Amino acid sequence: MSKFITKVVAFGLAAAAFSVFAAPASAQATLEAVRKRGKVLCGVSPTAPGFSYADDKGVRQGFDVDVCRAVSSAVFGAPDKVDFVPLNTNVRFQGLQSGEVDLLSRQTTATFSRDTSLGLDFAPVVFYDGQGLMVSTKLGVKSASELSQSAVCILPGTTTLQNLEDYFKPRNIKYEAVVFENPDEWRNAFFSGRCDVITTDRSDLASVRAIANDPKQYVILPETISKEPLAPVVRQNDSNWRDIVSWTVNALIAAEEYGITKGNIDEQLNSKDPEVQRLLGVNGDLGKMLSLDNKWAYNAIKQLGNYGELFERHLGEKTPLGLTRGPNQLWNKGGLIYSPPFR
Ligand SMILES: N[C@@H](CCC(=O)N[C@@H](CS)C(=O)NCC(=O)O)C(=O)O
């Protein structure tokens, strides 16, 4: 077990060192580069139903994917000016640091060390999550406290190993961490019984279960062992690009708050509400302040829908993931999803 852990720690240090020496040439000019290329390059999860996966026709679908499409709509007025780059957990930050992608929209937790030492900045949280533990129902386990001596499948370069340590050590629960570089191997090792437990964000466990031959065979235990606020990520020192990604997310959230949907947005252009008028570019020049067209937010909402529409389409109770809004409900309905004002 200690050998596995050493390997992961060594990787973490290598990633941190990389950020010190690699100053990406494009640090301050992402929008310019994106315009020249005519495309946004978006780093996404390879296979996470609900968040990012290739459908039968090979087209990427999912909540994180639609966040990329919203940015494409804000910049180009069209949702399809984006190329998706699937990145495994252990290479996602290098992908962004090196300029291989313009942003990550990839089930990535905002943490202190990632923000301060990897040369990155986080956009607003798009999904409030927490780490969970999934087991086969055959194990007959009802709680994390019964997991002593279990083998736990994890992926490197994630928040998951440290969370396991932080949770299990003080409780004196011994476990073996089994690390897989490749997410398919990670999932299959769990399905085949090589590990007793698979652990990651609870939403991602729902994705893993959705891939299983018989999803009913697996149960997510009640304990949530960490906070995992998932957010898009950009390179630091490019304030304009960060503003574009951040305010595109905020626009989707504000649209839900103001009752603007994909279906009614054209009627909403006649709204008397000054904030709606500014958001949709009827009045004011918010778009110009982002170096974008004044219809940037209108285009994003018109093409993708508001935050709630994205959630229900990909993650909600009518999807295979079947997630409730929980903390991802709007702030004025008891949740944490909140946009600063558009003024
Ligand atoms: N939110 C955590 C975990 C990220 C993550 O979930 N990753 C995995 C599972 S551990 C993953 O990439 N799943 C999607 C895929 O395999 O395509 C982090 O930022 O470290």
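The structure under discussion appears in the preceding block.
Residues numbered from 1 in each chain as written. Predicted model: local features only at pLDDT ≥ 70, side-chain atom pairs only at ≥ 80, totals over all residues. Heavy atoms only, no water.

Caption draft 1: Just the site of the ligand, in detail. Not every one of the 22 residues close to the ligand is listed here, only the nearest: T47, R92, R106, T109 and D201. One of the backbone N or O atoms of T47 is found 2.7 Å from an oxygen atom in the ligand. Within the side chain of R106, an N or O atom sits 2.7 Å from an oxygen atom of the ligand. Across the complex, the protein chains shield 100% of the 490 Å² of accessible surface that the ligand would expose by itself. Assessed atom by atom at 2 Å from the grid points, the ligand resides in the largest cavity. When residues of the shell around the ligand are traced back to their parent elements, those giving at least two are α7 (183-191), β11 (197-201) and β13 (228-230). Element by element, the count of residues in the shell around the ligand is highest for α7, at three residues. Across the shell around the ligand, the residue classes tally to six nonpolar, nine polar and seven charged. (Near = heavy atom within 4 Å. Polar contact = N/O pair within 3.5 Å; in protein donor to acceptor, adjacent residues only side chain to side chain. Areas by Shrake-Rupley, 256 points an atom, 1.4 Å probe, with all protein chains shown as cover. 1 Å grid on protein atoms, 1.4 Å probe; cavity = no way out; pocket = protein on both sides within 12 Å on 5 of 7 lines; lining within 4 Å. Sits in = over half its atoms within 2 Å of the grid points. Helix = DSSP H or I, 4+ residues; strand = E, 2+ residues; numbered from the N terminus. Nonpolar A, V, L, I, M, F, W, Y, C, P; charged D, E, K, R; others polar.)

Caption draft 2: Spotlight on the environment of C42. Counting through the fold element by element, C42 comes out in strand β1 (residues 40-44). Residue classification places C42 among the buried positions, given a relative accessible area of 0%. For the pair C42 and D83, spaced 41 residues apart in sequence, the C-alpha separation works out to 6.2 Å. Aside from chain neighbours lying at most four places away, what touches C42 is C68, V82, D83, F84, V85, V101, L103 and S105. (Buried < 20%, exposed > 50% of the residue type's maximum accessible area, 1.4 Å probe, protein only. Contact = heavy atoms within 4.5 Å.)

Caption draft 3: Molecular detail of the pattern of salt bridges. Counted under the stated rule, the structure contains nine salt bridges. Of the charged contacts, one joins R37 and D102 as a salt bridge, the two residues approaching to 2.8 Å between their closest N and O atoms. Of this pair, R37 sits in helix α2 (residues 30-37) while D102 sits in the loop between α4 (92-97) and β5 (103-104); the two residues are 65 residues apart in sequence, bridging distant segments of the chain. When its relative accessible area of 35% is taken as the criterion, R37 is described as partly exposed. (Salt bridge = Lys/Arg side-chain N within 4 Å of Asp/Glu carboxyl O.)

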